[in-house]
Amino acid sequence: MQTDMPTVVTRFAPSPTGFLHIGGARTALYNWLLARHFGGKFLLRIEDTDKKRSTNEAIDAILEGMKWLELDWDGDAISQAGRAERHAEIARELLEKGKAYKCFATSEELTAARDAARASGGNFRGDLWRDRDEGEAPEGAPYSIRIRMPREGETTISDAVQGKVTVQNSNLDDMIILRSDGTPTYMLAVVVDDHDMGVTHIVRGDDHLNNAFRQHQIYEAMGWTPPVLAHIPLIHGPDGKKLSKRHGALGVEAYRDMGYLPAAMRNYLLRLGWSHGDDEIISTEQAIEWFSLENVGKGAARFDFDKLDNLNGHYIRNLNPDALLSLIRNDLEKEVGHTLETAEEERLIKGLPALAERAKRMPDVTENASLFCNVRPLSLTENAAKALQGDMPALMGKVANELEAVTDWEASVIKAAIFSFAEAEELKLGKVMQPVRAAVTGGRQCGDLVETLEILGQEETIGRLRDLIAA
RNA sequence: GGUCCCUUCGUCUAGUGGCCUAGGACGCUGCCCUUUCACGGCAGAAACACGGGUUCGAGUCCCGUAGGGAUCACCA
């Protein structure tokens, strides 16, 4: 049926040699958005043809990263290694067609040829056996299979991001497509898999741009239609240098642990290299509707934590109290040392929005949230302690007495009580509010003080005030 | 070194030959709001890498230079 044939099929094809880093995450996001935009399919393929470097831990980390970012793929993740037989079959077909040939060169010969080519300022093409008869090879000698690249003319690819890019065919090397042990190389495997999986659009890092020409020739040799290519620029570190494991390249789970929200991450990554006019805050739904390869930038982008923080703050603020609580629950309970009681939960639900207003990363919320828990005596920050020096404890004791007389524990009443107290003591309002804030929050940030007192409850408020005298 | 790609405020970017006295966002500075810190509001400093063309007119097109990057494995 034509109708159930998706018009757009994209894929994300990471090699499982490490975690899902930020560049990979963005590549995955763009592929995902493109597929969702067109109502097509987004496939996941693990490029594990290099068994020596691939690990199951890495596969798990990548899958976990994708799930955390909420990028769902269609169908099961495909193992490239599991398709080796099919790849070898294509290699043999190419051989039969005369589009590939056997290479009996030893690694020493290859290295020597490579060094010579480089020394003469030329290009190594690996073609030692291109024009030799295989009968010249020793009986039973191992051989790899190399593709026979055209030597005349040029190859042009129309990249959706980079535009038309042309390279002279004389620069193309007769790369190995099947190793002497019979396993396929990446160069062959990608092409065969993308073709077999019906991939229509390949979005990947521009470190693959040079490979595109080489792979293009496999499509040509097989008579297959090449997919649309989009090579997106790489992401650099804050200092403009390339991201590497030693240099700021973190797995997405590291961002999760730092307290970034998946939605913020997606929004940030989306804008890092793609734009839609002046829009900055873009929901995932909106992104799906707007996403297009045409608006992907060509220049490499630097990763900027300040902007990510700003965006993250926005998404934290938009979380509802219940979601917020469930996100911080674990860490908060660890911090206060006990399972949250119902009364504490109730306070948190009321108090969390004000904290979210002030947060950039989730730990900002968690740290301040302990103020709504039963932890007495409350630990004081340096500034809070300073604000409570001298005769402040005594003053707080008086405030406590004043608040104890309040029969209707409600913000307006509490406020009136504090106001009249300040007036009676002939103190400026700030002179009372400031120490009360310090005493009750211990220096933690929160919103309106009086409202905070209301949420905290009369008993806890007075207790915290009197703890000062006791201490 | 060969090949290929890239280049607008500090950063992410808008800009597809006249709408650009180059716009937005983050960050930064100042002010306002204010019971802390934020949020929010207002104002401000801040960029077309350089040099040649093409054109009546160039950030936008072409060439060169410089700078940055990618790649050159029986890795992916």
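Every value quoted in this text rests on a predicted model; they were computed, and no experiment measured them. (Residues numbered from 1 in each chain as written. Chains lettered and ligands numbered in written order. Predicted model: local features only at pLDDT ≥ 70, side-chain atom pairs only at ≥ 80, totals over all residues. Heavy atoms only, no water.)

**Student:** Please explain the environment of T106 as it appears in this structure.
**Tutor:** In this fold, T106 is placed in the loop between β4 (100–103) and α4 (107–119). Given the relative accessible area of 34%, T106 is considered partly exposed. The sequence separation of T106 and A141 amounts to 35 residues, and the corresponding C-alpha distance is 9.8 Å. (Helix = DSSP H or I, 4+ residues; strand = E, 2+ residues; numbered from the N terminus. Buried < 20%, exposed > 50% of the residue type's maximum accessible area, 1.4 Å probe, protein only.)

**Student:** What is the right way to read the pairing of strand β10 (residues 228–232) from this model?
**Tutor:** Within a regular beta strand, the side chains point alternately toward one face of the sheet and then the other, so they alternate between its two faces. Of all the five residues making up β10, four are buried; the element is thus mostly covered by neighbouring parts of the structure. Across five bridges, strand β9 (residues 201–205) lies against β10 in parallel orientation. Residue pairing across strands places R204 opposite H231, the latter belonging to β10. One crossover worth recording links β9 to the parallel β10 by way of helix α6 (residues 209–222), and it is right-handed. (Pairing = 2+ DSSP bridges. Right-handed = clockwise from strand over helix to strand, strands pointing away.)

**Student:** Would you mind showing me how to read the UniProt feature "domain: Aminoacyl-tRNA synthetase class I anticodon-binding" (unreviewed entry) in chain A here?
**Tutor:** Under the feature "domain: Aminoacyl-tRNA synthetase class I anticodon-binding" (unreviewed entry), the UniProt entry names residues 341–469. A distance of 27 Å separates the end C-alpha atoms of residues 341–469, which is 69% helix and 0% strand. (UniProt positions renumbered as here; feature names shortened; annotations may be inferred.)

**Student:** I would appreciate a short explanation of the protein's contact with RNA strand B in the present structure.
**Tutor:** Close to RNA strand B lie 60 residues; D50, R179, K242, R358 and D448 are nearest. Expressed as a percentage, the sugar and phosphate content of the atoms of RNA strand B within 4 Å of the protein is 64%. Within the side chain of S15, a nitrogen or oxygen atom sits 3.2 Å from a sugar or linking oxygen of RNA strand B. Between N210 and RNA strand B, the recorded distance is 3.4 Å, taken from a side-chain N or O atom to a base nitrogen. Of all elements in the fold, only α4, β7 (163–168), α5 (186–196), α6, β12 (301–302), α10 (305–317) and α17 (429–441) reach the threshold of two or more residues within the surface near RNA strand B. With four residues, the single largest contributor to the surface near RNA strand B is α10. Here the surface near RNA strand B is built from residues that sort into 15 nonpolar, 21 polar and 24 charged. (Near = heavy atom within 4 Å. Polar contact = N/O pair within 3.5 Å; in protein donor to acceptor, adjacent residues only side chain to side chain. Nonpolar A, V, L, I, M, F, W, Y, C, P; charged D, E, K, R; others polar.)

**Student:** Can you help me understand the domain arrangement of chain A in this one?
**Tutor:** When the parts of a complex come together, some accessible area is lost, and that lost area is often used as the size of the interface. Domain assignment breaks chain A into domain 1 (9–79 + 235–309), domain 2 (82–232), domain 3 (321–372) and domain 4 (382–470). Computed from C-alpha atoms alone, the centre-to-centre distance between domain 1 and domain 4 is 48 Å. (Domains from an automatic or database assignment.)

**Student:** Quick question: what am I supposed to make of α5 here?
**Tutor:** Since there are 3.6 residues in each turn of an α-helix, residues three or four apart along the chain are aligned in direction. Counting buried residues in α5 gives eight out of 11 residues, a clear majority hidden from the surface. Listing the buried residues of α5 in full gives M187, L188, A189, V190, V191, V192, D193 and D194. In this fold, the buried residues of α5 make contact with β1 (9–12), β2 (41–46), α3 (84–96), β8 (176–178), β9 and α6. A positive phi of about 70 degrees marks G198, the residue just after α5. (Contact = heavy atoms within 4.5 Å.)

**Student:** How should I be thinking about the side chain of R36 in this particular structure?
**Tutor:** One can find R36 in helix α1 (residues 22–37). Looking at R36, its side chain comes within polar contact range of the side chain of D74, at 3.3 Å. Residues within four places of R36 in sequence aside, it is in contact with F42, D72, D74 and I288.

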